[in-house]
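Here is how the chains run, residue by residue.
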Amino acid sequence: MEIWIGRDGERHGPYKEEDVRQWLRSGQVSGSDLAWREGLADWQPLSTLFPDAARDGVPASDNPYSAPVAPMQNLPQTTAAALEDHAGFWKRVAAYILDAILLYIVFRVIGTFFGVSAAQEAMKQEMLGGTPFMQAYEHFYSGMWLYTLLTTVLTWLYFAFCESSAWQATVGKLALGIRVTDMQGARISFPRALGRYLAKYLSAIILCIGFIMVAFTRRKQGLHDLIAGTLVLNGRASEFRDAPTKSTSGSFSA
């Protein structure tokens, strides 16, 4: 039997009955949390559905929807099957290409204010004039260091903000229908997202083997995923955060 759990105006699940019973016994969820299963007309407190497993009683009759006792982060976000639906290597590559195109357009606009085109033309003329390749690039980056720093930071923040947002995905990942989660399928924090992107440099400097690992690891994790403790799963975050509507009787509608 599959159980849905409602908290803070959001519906979570479905979960297996035995899992919900275990969470009730351990206190991860409260008996006052509302739940619904097929066949019920309205949402009911978990203590009513599973009185043998509940640690606390039914909420008072004058306040049947009291605040949950357990913190939200203790409630698993996705089913076990969803946690095994890992996004594949080429899907992730395609998402990255879309992000790269988006950032390229943004940085081209920013580059006009820094004179990037003129600096690139000067570098090209230097190389045509016999200046060694590396020396010409050194001259370019010494003049464009502020632009380089700005685009590097903006890229870092773009990935971190998007992957720790309610989307749990960059624009490219969102378009391909994939999301970044922690090992339990929940949304990651901003600091973890910052660290995940930083770990990509390690994946890159070892001849990109850290990225190629996505193709052959069991859970399709790159080196940066293993370091940050993250998964990339199929499905948009919105598909696992359905907000229930309210019925005319004042209880949550299934």
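The coordinates are above.
Parameters at a glance
Residues numbered from 1 in each chain as written. Predicted model: local features only at pLDDT ≥ 70, side-chain atom pairs only at ≥ 80, totals over all residues. Heavy atoms only, no water. Core = buried A, V, L, I, M, F, W, Y, C linked by side-chain atoms within 4.5 Å. Buried < 20%, exposed > 50% of the residue type's maximum accessible area, 1.4 Å probe, protein only. Helix = DSSP H or I, 4+ residues; strand = E, 2+ residues; numbered from the N terminus. Contact = heavy atoms within 4.5 Å. Pairing = 2+ DSSP bridges. Phe/Tyr/Trp six-rings, centres within 6.5 Å; stacked < 30°, edge-to-face > 60°. Axes fitted to C-alpha atoms, helices over the stretch in contact; angles between N-to-C directions. Left-handed = near helix turned anticlockwise from the far one by under 90°. Nonpolar A, V, L, I, M, F, W, Y, C, P; charged D, E, K, R; others polar. Arc of directions from axis to C-beta.

**Some thoughts on the nonpolar core**
Counting 14 residues, the largest nonpolar core has Phe140, Met144 and Tyr147 as its most contacted members. Among the secondary structure elements, those contributing two or more residues to this core are helix H4 (89–114), helix H5 (116–128), helix H6 (133–143) and helix H7 (145–163). By residue number, the principal contributor to this core is H7, which donates four residues. With residues near it in sequence (within four places) discarded, Tyr147 still touches Phe107, Ile110, Gly111, Phe114 and Val116.

**A few points about the pairing of strand E1 (residues 2–7)**
In terms of burial, E1 is largely enclosed, as five of its six residues are buried. Here E1 pairs with strand E3 (residues 34–36) via three bridges, running antiparallel. When the bridges of E3 are listed, Ile5 appears paired with Ala35.

**Thoughts on the packing of aromatic side chains**
Summed over the entire model, instances satisfying the criterion amount to seven aromatic pairs. Seen in terms of ring centroids, Tyr96 and Phe159 are 6.4 Å apart; in terms of plane orientation they differ by 25 degrees. Their pairing is stacked. A residue pair is termed long-range when its members are at least 10 positions apart, and Tyr96 in helix H4 and Phe159 in helix H7 qualify at 63 residues. Relative accessible area serves as the criterion here: at 2%, Phe159 is assigned to the buried category. For the ring pair Phe159 and Tyr197, a centre distance of 5.3 Å and an interplane angle of 25 degrees mean the geometry is stacked. With a gap of 38 residues between them, Phe159 in helix H7 and Tyr197 in helix H9 (residues 190–205) connect regions that are remote in the sequence. One aromatic cluster is present, built from ring pairs that chain together Tyr96, Tyr158, Phe159, Tyr197 and Tyr201.

**A short note on the side chain of Thr155**
Residue placement: Thr155 occurs in helix H7. Ignoring sequence-local partners within four residues, the contact set of Thr155 consists of Leu103, Phe107 and Tyr197.

**Section: the packing of H4 against H7**
At their nearest, the axes of H4 and H7 sit 11 Å apart, and the two run at 145 degrees to each other. Crossing hand, H4 versus H7: right-handed. Within the contact between the two elements, H4 uses Tyr96, Asp99, Leu102, Leu103, Phe107, Ile110, Gly111 and Phe114 and H7 uses Leu146, Tyr147, Leu150, Thr151, Leu154, Thr155, Tyr158 and Phe159. A breakdown of the residues in the contact of H4 with H7 according to their chemical character gives 12 nonpolar, three polar and one charged.

**Focus on helix H1 (residues 17–26)**
Of all the residues in H1, the buried ones are Glu17, Val20, Arg21, Trp23 and Leu24. The arc enclosing the buried residues of H1, seen along the axis, measures out at 160 degrees, which places them on a common side. A positive backbone phi angle near 90 degrees is found at Gly27, which sits one or two residues after H1.

**Notes on the pairing of strand E6 (residues 230–234)**
Counting buried residues along E6, five of its five residues qualify, which places the element largely inside the surrounding structure. Neither face of E6 is open: one carries Thr230, Val232 and Asn234, the other Leu231 and Leu233, and all of them are buried. Pairing analysis gives five bridges linking strand E5 (residues 178–182) to E6, with the strands arranged antiparallel. Paired with Asp182 across the strands is Thr230, a residue of E6.

All quantities given are derived from atomic positions and should not be read as evidence of function.
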